[in-house]
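Residue-level listing of the chains:
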Number of protein chains: 2
Amino acid sequence: MIIALDHVAIAVPDLQEAIRRFAEDLGLELAGTEDVEAAQTSTAFLPVTGTRIELIHPLRGQGPVATWLEKRGGGGLHHLCFRTDDLDADVVRLKERGYRFVTEAPTPGAHGTRVIFIHPKSAGGVLIELAEHPADGHP
Amino acid sequence: MIIALDHVAIAVPDLQEAIRRFAEDLGLELAGTEDVEAAQTSTAFLPVTGTRIELIHPLRGQGPVATWLEKRGGGGLHHLCFRTDDLDADVVRLKERGYRFVTEAPTPGAHGTRVIFIHPKSAGGVLIELAEHPADGHP
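Residues numbered from 1 in each chain as written. Chains lettered and ligands numbered in written order. Predicted model: local features only at pLDDT ≥ 70, side-chain atom pairs only at ≥ 80, totals over all residues. Heavy atoms only, no water.

(A) Looking closely at the overall build of chain A. Broken down by element type, chain A carries 3 helices and 8 strands. Moving toward the C terminus, one meets the helices and strands of chain A in the order β-α-β-β-β-α-β-α-β-β-β. Computed over C-alpha atoms, the radius of gyration of chain A comes to 15 Å, within 12% of the 14 Å expected from 2.2 N^0.38 for 139 residues, which places it in the range of a compact globule. Expressed as a percentage of its 139 residues, the buried residues of chain A come to 53%. Restricting the contact set of chain A to residue pairs at least 6 apart, pairs at least 24 apart contribute 51%. (Helix = DSSP H or I, 4+ residues; strand = E, 2+ residues; numbered from the N terminus. Rg over C-alpha atoms; globule rule 2.2 N^0.38 Å. Buried < 20%, exposed > 50% of the residue type's maximum accessible area, 1.4 Å probe, protein only. Contact = heavy atoms within 4.5 Å.)

Put into structure tokens, the structure is as follows:
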């Protein structure tokens, strides 16, 4: 079951410029940055009222976010991530309803999460990530 | 000053299908729908942990969201809206920092808000709305 909007991810061609925009210009708090090898991103986290803006930038200039930025010709809103308390049950339920996923099974995400992406063609053109945090799950 | 992520807006070519996806399939609560004449949208509101998903659909098939859907060839993540406690001060500050806005001055939004959009070319390709709610502002 979905229990929160975990984050909104924005793909950015220049991470420092994007951090300046959201932290200095718009006044959000920069909680930290992390290189997420599984996603091939350098990510900056900016919490705001129960959710988080994540600025995602290609790590070493490669990976799916690099491809996305190239295709689009610049930065933009990339995906939504909903937090669930039972990722496996949600995947089974959504597959039964005809949803397709980008990978067959969940993969490791940042902060010890398990994550999976619903294919945007299954979700009206929106890339939706589902994430289960270690403390939320029912193993 | 920004005090919350007010909502994430998703442009949808079929409002009822999108409501089914987010309410029935993903399990969010549908709080209501409203025709917002100023934005020329039929909008569905789905609150989730301190923010809200807004599904926006062109009212009478016209307006900026209709144009957006046509250009893109389908639905997708449309904009972020941050809630501020002093819209006028934020606009002055951001203009001083070189930000451009879609309109010269704030306009009326849903629920008695005053809103303005930062031009995506000023914000790394992301359309960002700033909204001041009647209870938050300092008139």
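Now that the structure is up, let's keep going.
(B) Structural view of the pattern of salt bridges. All names here are of chain A. Taken as a whole and assessed by the stated rule, the structure comprises 18 salt bridges over all chains. One salt bridge connects Asp-6 with Arg-52, and the closest N-O pair in it is separated by 3.0 Å. Residue Asp-6 is located in strand β1 (residues 2-11), and its partner Arg-52 is located in strand β4 (residues 51-58); the two are separated by 46 residues in the primary sequence. Linking Glu-132 and Arg-114 is a salt bridge whose minimum nitrogen-to-oxygen distance equals 3.5 Å. (Salt bridge = Lys/Arg side-chain N within 4 Å of Asp/Glu carboxyl O.)

(C) Region of the structure containing the interface of chain A and chain B. Counting residues at the interface gives 36 residues for chain A, matched by 36 residues for chain B. Taken together, both faces of the contact between chain A and chain B bury some 2900 Å²; the carbon and sulfur share is 65%. Interface area lost by chain A to chain B is led by Asp25(A), Leu26(A) and Leu77(A), which between them contribute 22%. Note that Asp25(A) is salt-bridged to Arg97(B), the shortest N-O span being 2.6 Å. The interface formed by chain A and chain B includes 12 residue pairs in polar contact (both at pLDDT 80 or more). Class assignment for the residues of the side of chain A that touches chain B results in 20 nonpolar, 10 polar and 6 charged. (Buried area = accessible area lost by both parts, 1.4 Å probe. Polar contact = N/O pair within 3.5 Å; in protein donor to acceptor, adjacent residues only side chain to side chain. Nonpolar A, V, L, I, M, F, W, Y, C, P; charged D, E, K, R; others polar.)

(D) Expanded view of the pairing of strand β7 (residues 114-118) of chain A. Residues and elements named next belong to chain A. Relative to β7, strand β6 (residues 107-108) runs antiparallel, the two being bridged by 2 bridges. In the strand pairing of β7, Thr-107 is matched with Val-115. Taking the residues between adjacent antiparallel strands as the criterion, β6 and β7 are bridged by 5 residues, where His-111 takes a positive phi near 60°. Sheet topology note: the β7/strand β8 (residues 128-132) ladder contains 5 bridges and is antiparallel. What sits directly across from Ile-116, in β8, is Leu-130. (Pairing = 2+ DSSP bridges.)

(E) Spatial organisation of the nonpolar core. In terms of nonpolar packing, the biggest core is built from 62 residues, with Leu55(A), Phe82(A), Leu55(B) and Phe82(B) touching the most fellow members. With near-sequence residues (within four places) excluded, Leu55(A) lies in contact with Ile10(A), Val12(A), Leu15(A), Ala18(A), Ile19(A), Phe22(A), Ser42(A), Thr43(A), Ala44(A) and Leu46(A). (Core = buried A, V, L, I, M, F, W, Y, C linked by side-chain atoms within 4.5 Å.)

(F) Seen up close, unusual backbone geometry. A positive phi is found at Thr49(A), a non-glycine position, where the angle reads about 30°. Tracing the sequence through the fold places Thr49(A) in the loop between β3 (41-48) and β4.

(G) View of the relation of the copies chain A and chain B. Laying chain A over chain B is done by rotating through 180° and shifting 0.0 Å along the axis; what remains is an RMSD of 0.0 Å. Interpreted geometrically, this transformation is the action of a two-fold axis. For chain A, the residue whose C-alpha comes nearest the rotation axis is Gly50(A), separated from it by 2.6 Å. (Least-squares fit on C-alpha atoms with pLDDT ≥ 70 in both.)

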